Amino acid sequence: PIDTTGLYAHAHFPMGASINTNLLRNNAVYTALVAKEFNSVTPENVMKMDATEPTQGNFNFGEADYLVSFAQQHGMRVHGHALVWYQALPGWVTSFNGDSTAWENMLKTHIQTEVAHFKGKVVSWDVVNEAIDEDGTLRNNIWLQHLGPDYVARSFQYARQADPDVLLFYNDYGHEYSAVKRAAILSLVTGMKNRGIPIDGIGMQMHTNTTVPDNAIAAAITAVANTGLKVHISELDIAVNPGNDQNMTFTPAIATAQSQKYQNLVKAYNALPAAQQFGITTWDVGDADSWIPPFYHRPDWPLPFDASYKRKDAWQGIVNGLK
Ligand code: G3I
């Protein structure tokens, strides 16, 4: 039987998805589904630096504003993503010529202009995204090179100055498969917290797959929650073809395994203290929209909705995990 209420109606914390504004503008089936199933949205791309500051000092918030007004019309929360990242940079940043003061001012202006624009409209930000490398060191990116290791903490301070009320998150991936990376993330975050740097939560992206053991996922969620900060499952998808099989098809057995993985993950999150449950956000909505097939050059079906935006078994798995 088709349930007539959306995913969010089954949860006592927000349920969201990353939103592609091209689809939101042009695909009525997608738009209706988003409004029905979710009460939180994250822009997939349109709040990133290449979208919002395409040339220095010229800010463009048009696409992001469109998403914000859609969310407001439908009573949905907006989570901002992402102020400081080493990808999705406009060309002028990668070729920026300036001393460390010029770099610092450029970063601060970007953060504070964007946070000020969305003040009162987004409840939270991924302030810094993916600053830790796989080996647990600070990722050697353009920000580290020009600003030094404390650019992470200063980014949070700049964001806080621009909006005293918005919740500030550090967002990254890999907590569930790399103990080394997780320890480094938790050390960075607790270090900032102990120094009085404003930080409210941790985003666990959770780009995972059906071969990652349930107990590893549950242990990661518990370890992150032990910081006492809010926990956002911020970019959830569960790939079924991590082996890159070019001939794979999505069989009923695979659908069941994926559904079970979604269920157990949601169940582990559901057990956290309510005050730490910021919510669960899937990264995209339907399988055909996922970043995974084009990125890894393989077929995959990672999401709770199929290419026609019909609920998959994974949808029911999430609902079961919320009970
Ligand atoms: O919009 C341009 C288009 O004009 C151009 O013709 C085309 C040619 O490449 O590119 C289009 O931009 C693409 C953009 O998505 C919008 O579709 C970029 O190439 C492409 O790199 C970009 O990919 C996004 C990626 O982040 C990089 O920003 C994915 O959609 C998005 O799902 C992905 O999301 C990230 C999170 O932000 C952080 N965590 C990992 C996650 C997956 O990689």
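Residues numbered from 1 in each chain as written. Predicted model: local features only at pLDDT ≥ 70, side-chain atom pairs only at ≥ 80, totals over all residues.

## Notes on the UniProt feature "active site" (unreviewed entry) in the protein
Move 1: Under the present numbering, the feature "active site" (unreviewed entry) in UniProt falls on Glu235.
Move 2: Apart from residues lying up to four places away in sequence, Glu235 is in contact with Ser18, Gln205, Met206, His207, Thr281 and Trp283. (UniProt positions renumbered as here; feature names shortened; annotations may be inferred. Contact = placed C-beta atoms within 7 Å.)

## Concerning the nonpolar core
Move 1: Residues Trp125, Val127, Ala159, Leu168 and Ile221 are the most contacted members of the largest nonpolar core, which totals 87 residues.
Move 2: At 6 residues, helix α8 (residues 151-162) tops the list of elements feeding residues into this core.
Move 3: Other than its neighbours up to four places away in sequence, Ile221 contacts Met204, Val231, Ala268 and Tyr269. (Core = buried A, V, L, I, M, F, W, Y, C linked by C-beta atoms within 7 Å. Buried ≥ 20, exposed ≤ 12 C-beta atoms within 10 Å, placed from the backbone. Helix = DSSP H or I, 4+ residues; strand = E, 2+ residues; numbered from the N terminus.)

## Structural notes on unusual backbone geometry
Move 1: Ala82 follows His81 through a cis peptide bond whose omega is -10°.
Move 2: Note that Ala82 resides in strand β3 (residues 77-84).
Move 3: Despite not being glycine, Glu130 shows a phi value in the positive range, around 60°.
Move 4: Along the chain, Glu130 falls in the loop between β4 (124-129) and α7 (142-147).

## Quick word on the confidence of the model for the protein
Interpretation of this model should avoid reading the predicted coordinates in detail wherever pLDDT is low.
Move 1: In this model, the protein carries an average pLDDT of 97, and 99% of its residues clear a pLDDT of 70 or more.
Move 2: Reported confidence for the predicted complex is 0.94 by ipTM and 0.97 by pTM. (pLDDT = per-residue confidence, 0-100.)

## Some remarks on the packing of helix α10 (residues 214-225) against helix α11 (residues 252-270)
Move 1: Following both chains from N to C, one finds α10 and α11 inclined at 25°, their axes separated by 9 Å at the closest point. The pairing of α10 with α11 is recorded here as roughly parallel in orientation. Crossing geometry of α10 relative to α11 is assigned as right-handed. Two secondary-structure elements touch here, α10 through Asp214, Ile217, Ala218 and Ile221 and α11 through Asn264, Leu265, Ala268 and Tyr269.
Move 2: Of the residues in the contact of α10 with α11, the class split is 6 nonpolar, 1 polar and 1 charged. (Axes fitted to C-alpha atoms, helices over the stretch in contact; angles between N-to-C directions. Parallel < 35°, antiparallel > 145°, perpendicular 65-115°, else oblique. Left-handed = near helix turned anticlockwise from the far one by under 90°. Nonpolar A, V, L, I, M, F, W, Y, C, P; charged D, E, K, R; others polar.)

## With respect to the environment of Met49
Move 1: Topologically, Met49 is positioned in helix α3 (residues 49-52).
Move 2: Taking the number of C-beta atoms within 10 Å as the measure of exposure, Met49 has 21 and is therefore buried.
Move 3: On a C-alpha basis, the gap between Met49 and Ala17 in space is 20 Å, while along the polypeptide they are 32 residues apart.
Move 4: Here Met49 is in contact with Ala88, Leu89, Pro90, Val93 and His110, once residues within four sequence places are set aside.

## Some thoughts on the pairing of strand β8 (residues 230-239)
Move 1: A large share of β8 lies buried, amounting to 10 of its 10 residues.
Move 2: Sheet topology note: the strand β6 (residues 201-204)/β8 ladder contains 4 bridges and is parallel. Looking at the pairing, Gly201 lines up with Lys230 of β8.
Move 3: Read from strand β7 (residues 207-209) through α10 to β8, the crossover connection turns out right-handed.
Move 4: In this structure, β8 lies alongside strand β9 (residues 277-282), joined through 4 bridges in parallel fashion. Its bridge partner being in β9, Leu236 is matched across the sheet by Thr282. (Pairing = 2+ DSSP bridges. Right-handed = clockwise from strand over helix to strand, strands pointing away.)

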